[in-house]
Amino acid sequence: MRLELGHFFVQDVRFGEKTEYRNGVLTINKEEAIRVVREDEHITEADLVIAKPGDPVRITPVKEAIEPRCKVSGGVLFPGTLNKLMPAGNGRTHALKGTAVLAVGKHWGGFQDGLIDMSGPGAKQTMFSQLINICLVADTDEAFERYEQQKKNRALRWAGMRLAQYLGQTVKELEPDEEEIFELPPLNQRSLKTQQLPGVVYVLQLQSQMLDSGYNALVYGWDANRMLPTLMHPNEILDGAIISGSFMPSSSKISTYQHVNNLTIKRLMREHGKTINFLGVIVSNLNVQLEEKKRSAYFVRQLATALGAEGAIVCEEGYGNPDSDFIYVINELEDAGIKVVGITNECTGRDGRSQPLVELSDKADAIVSTGNVSQLLRLPPMERVIGDLQSLARDGNSGGWEGCVKEDGSIEMENNGMFCADGVTGDHYKTVVEY
Amino acid sequence: MKRAIHYLNQFFGQIGGEEKADHEPEIREGVVGPGILLNNLLAPEVEVTHTVICGDNFFGSHKEEAIERILNDLKDKPFDLFIAGPAFMAGRYGVACGAICEAVQEQFGVPAVTSMHEENPGKELYYKSIYIFPGGNSAVAMRKDMAAIASFAKKLATGQPLGPAREEGYIPRGIRHEAFIDPPRLGADRAVEMLLKKLKGEPYQTEMPMPKGDRPAIAPAVKVEEAKLAIVTSGGIVPKGNPDRIQSASATKWGKYDISNLDRLNAGEWETIHAGFDPTFANQNPNVIVPLDALRAYERENKIGQLHPYYYCTVGTGTTQAEASRMGREIAQELLEAQVSAAILVST
Amino acid sequence: MTKEIEKAGITIVQMANLVTIAHSVGANRVVPTVAIPYPLGDPNLSEEEQYQLRKHRVGIALKALATNIEEPTIFEV
């Protein structure tokens, strides 16, 4: 499997006559873009707003982030979800780097939605403050979940993908600024030198705790709750085979932007043939029943063992109950003699004194910590809000509460509600330390 | 100029050795013994104005009295810092340093710093509440240990920003907060580089040391057929409308609800507000979380003495351990007052 | 919470799906439940069967309360 990723480094995004990309500037014809958004009749209102790093802007409720991309050859964008089902990970894909399409609720937020500050102290919390964000601010007719705390956000998430695809088309015929090639041959076709390096697997535990469909991460459109751990080629993930779900406090989530830019996978690919023999990605899940947790952990162990793994990196998309799936997998792998590094966030409470994970194990002796979901943040008012700031206080956001939005627009919140802030795919420099 | 007060035992306070270990607490102006070194190291920003001296045995056997008398002696003295020891491997001295630091810090709100060997029993008792620097095992380490205390104490007194425990050098207090790695190192690089080290058998540092759990003593068996039994749940079952506004995640509130006239919890009248799972099933039949119907049946069969008239409820998702412990203590208090002797807790 | 109630001297049994978590957070008597969203029910069963299942598991919990244990114990259902 060979994937060529062509990067276009976007310097600026603005509105204009024609949707096009020229000399580092992405120009968007707003009307035409909104027509694409409104191809789904469930979208009842839509607007586009651009937010740049350093702007005095607060964005919430953010439901999803997607990198503008197009497939030049060898497949379709987001197969099995946005487009027809076919294999991902081959051919050529172009991406507008440094930008993201954000799906933002015009009014209604929920447990799983997030907040992004483009400047000020809050801008350190999440990597999304560093991107030029093309905010799709929209409302839908999904009345059944308007007042629900848990929302599937289906219309908005799909509209975001359509918009990202539409914008990505601008660079389909152009020459990228930079090209990255991802190639990982079958296990038996690797050089002797590579085969002598320690074999490493990456274990991705997708959020899949909801029993009802529509909330969990999707693998080629398939609900991660309804799958058993399986082996995937890293290219498939970097090329859009997995999309983010709509459940779990936002800071713990992996957005679709982060899946296709999974930095841990990219680093493992770079190490392949030099320091390690990268065996592949075991995509697993996070479950609510003990038997399911055990079953998945056994599958992960068996797959890793059969592949000859000596090392593994385990990434957990969530916190709380999923900590047990995380610890089970680490225990199983360590018991099989595979050396594990885990990457996850933690929940130590506002005073920082609580135990970091709900389940502990002495075998989990190498953990990268990417954030504390319960870190209390006090953030000053912003000149502009994109979306609806009250949603943080009103709609059951996991990081907000009644009264957390002050009259002057300043807010108090827990990191829980910062959009995809704990970067468990390895894209941020935040950690947790002991005082 | 900021002021510090220094605590010493009878030996370092130059009263005498083991035979003087019953020496009662006293306070003196100025510095004594190792206080001279401390004062030199703290100058010019901080001055040691007084020295408290207490015998280790006196402190150990009359702990409350010793603390009370020392706090009383300090009442009218203005000071910005409290420093004890260093205590090295001296067990009684280490415990006394820890205890007096904790008490002074709590009473006067000034930071307290001490130093002792990591195996000194005082460390395990007090590292979570005060700053303890890891020290040598005997007075040979005096100069080094005192220097560590002094440079940190200066920072405290002058209000300089403090780094995490590992940077400052004190024993981590079990308080974990977010920090930004400077210069930035992304999670992906940290994870892969940690794995490479682990694979090679080289030393590496986990970012999340596993804490040791603490487990309560096992309560004895009860005669259930005579017991007053209470139901507690973290599954968020509340009367429809959630009258106490318990949060559906990261809860800080709990509620108690009268079930004395009920045989079961009916759908429509009770619901779950727990945000961490699909609520459909529990809303259709709240007894799947609060098994009132089954417990009433056992009560009728005389297999339970009596069901407590209230059940207690909070939400267990995202709830920190500290909040859960506080709520647990509050509920336990209610249960004790109601003479409940056994409880069933249903968690989700 | 279980831990704090037990510390107060009240004998307590925790009914939990994630028995290892219950165990690792300090519960001494643990009885497994069916699933997180329906600890004492099962949507695949009839109402009456669910009630029987619930009564059975609660019965195990009562037995756990009446049992002296030497170490933290998961009572099998």
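Thresholds applied
- Residues numbered from 1 in each chain as written.
- Chains lettered and ligands numbered in written order.
- Predicted model: local features only at pLDDT ≥ 70, side-chain atom pairs only at ≥ 80, totals over all residues.
- Heavy atoms only, no water.
- Domains from an automatic or database assignment.
- Contact = heavy atoms within 4.5 Å.
- Buried area = accessible area lost by both parts, 1.4 Å probe.
- Salt bridge = Lys/Arg side-chain N within 4 Å of Asp/Glu carboxyl O.
- Polar contact = N/O pair within 3.5 Å; in protein donor to acceptor, adjacent residues only side chain to side chain.
- Helix = DSSP H or I, 4+ residues; strand = E, 2+ residues; numbered from the N terminus.
- Nonpolar A, V, L, I, M, F, W, Y, C, P; charged D, E, K, R; others polar.
- Pairing = 2+ DSSP bridges.
- Phe/Tyr/Trp six-rings, centres within 6.5 Å; stacked < 30°, edge-to-face > 60°.
- Buried < 20%, exposed > 50% of the residue type's maximum accessible area, 1.4 Å probe, protein only.
- Lys NZ or Arg CZ within 6 Å of the ring centre and 35° of its normal.
- Core = buried A, V, L, I, M, F, W, Y, C linked by side-chain atoms within 4.5 Å.
- Axes fitted to C-alpha atoms, helices over the stretch in contact; angles between N-to-C directions.

This paragraph deals with the domain arrangement of chain B. Along its sequence, chain B is carved into domain 1 (2–168) and domain 2 (228–346). When each unit is reduced to the centre of its C-alpha atoms, the spacing between domain 1 of chain B and domain 2 of chain B is 47 Å.

For the rest of this paragraph, the subject is the interface of chain B and chain A. On the side of chain A, 74 residues touch chain B, which itself brings 50 residues to the contact. Interface area for chain B against chain A, summed over the two sides, is near 5300 Å², with a carbon-plus-sulfur share of 60%. Considering only the surface of chain B that becomes buried against chain A, B:Arg176, B:Glu178 and B:Phe180 emerge as the three largest contributors, covering 15% of it. Counting the contacts that link chain B with chain A gives eight salt bridges. Where B:Asp189 meets A:Arg267, a salt bridge forms, and the shortest distance between an N and an O atom there is 2.9 Å. The tally of links from chain B across to chain A stands at 36 residue pairs in polar contact (both at pLDDT 80 or more). Every element with two or more residues in the side of chain B that touches chain A is listed here: strand S7 (176–180), helix H8 (187–200) and helix H11 (321–337) of chain B. Among the elements that take part in the side of chain B that touches chain A, H8(B) stands out by supplying twelve residues, more than any other. Considering only residue class, the side of chain B that touches chain A consists of 27 nonpolar, eleven polar and twelve charged. Bridge count between strand S25 (residues 430–434) of chain A and S7(B): five bridges; the pairing is antiparallel.

Another point: the packing of aromatic side chains. Residue and element names in this part refer to chain B. Applying the stated criterion across every chain yields a total of 21 aromatic pairs over all chains. Ring geometry for Tyr 131 and Tyr 170: centres 4.8 Å apart, planes at 75 degrees, overall edge-to-face. Taken together, the residues span a long stretch of sequence, with Tyr 131 in strand S6 (residues 131–134) and Tyr 170 in the loop between helix H7 (165–168) and S7 at a distance of 39 residues. Overall, Tyr 170 belongs to the buried group, its relative accessible area being 4%. Between Phe 133 and Tyr 170, the ring centres sit 6.3 Å apart and the planes meet at 70 degrees, which makes this aromatic pair edge-to-face. On the criterion of sequence distance, the pair formed by Phe 133 in strand S6 and Tyr 170 in the loop between H7 and S7 is long-range, its members being 37 residues apart. Cluster of aromatic residues (ring-pair linked, three or more members): Phe 11, Phe 12, Phe 88 and Tyr 93. If you follow Lys 123 out to its NZ or CZ, it ends over the ring of Tyr 127, 5.4 Å from the centre.

So, on to the environment of A:Val104. Residue and element names in this part refer to chain A. As for its position among the elements, Val 104 is in strand S9 (residues 99–105). With a relative accessible area of 0%, Val 104 lands in the buried category. On a C-alpha basis, the gap between Val 104 and Ser 129 in space is 15 Å, while along the polypeptide they are 25 residues apart.

We now examine the nonpolar core. In this structure, A:Leu333, B:Tyr311, B:Ile344 and C:Leu62 are the most contacted members of the largest nonpolar core, which totals 83 residues. For this core, the leading source of residues is helix H3 (residues 47–65) of chain C, giving seven residues. Judged by nonpolar contacts, the second largest core, of 62 residues, contains B:Leu37, B:Cys101, B:Tyr126 and B:Ile130.

Moving on: the sheet that holds strand S3 (residues 46–54) of chain B. Residues and elements named next belong to chain B. Taken in spatial order, the six strands line up as S2-S3-S1-S4-S5-S6 in an open sheet, and their pairing is mixed. Two strands close off the open sheet at either side, each with one partner strand: strand S2 (26–29) and S6. Averaged over all neighbouring strand pairs, the angle between strand axes comes to 25 degrees, with direction disregarded. Relative to S3, strand S1 (residues 2–9) runs parallel, the two being bridged by eight bridges. Bridge pairing in S3 links His 6 to Thr 51. Against the sheet, helix H3 (residues 63–74) contacts S1, S2, S3 and strand S4 (81–84), and its axis sits at roughly 145 degrees relative to S3. The sheet strands contacting helix H4 (residues 91–108) are S1, S4 and strand S5 (112–116), and the helix crosses S5 at an angle near 170 degrees.

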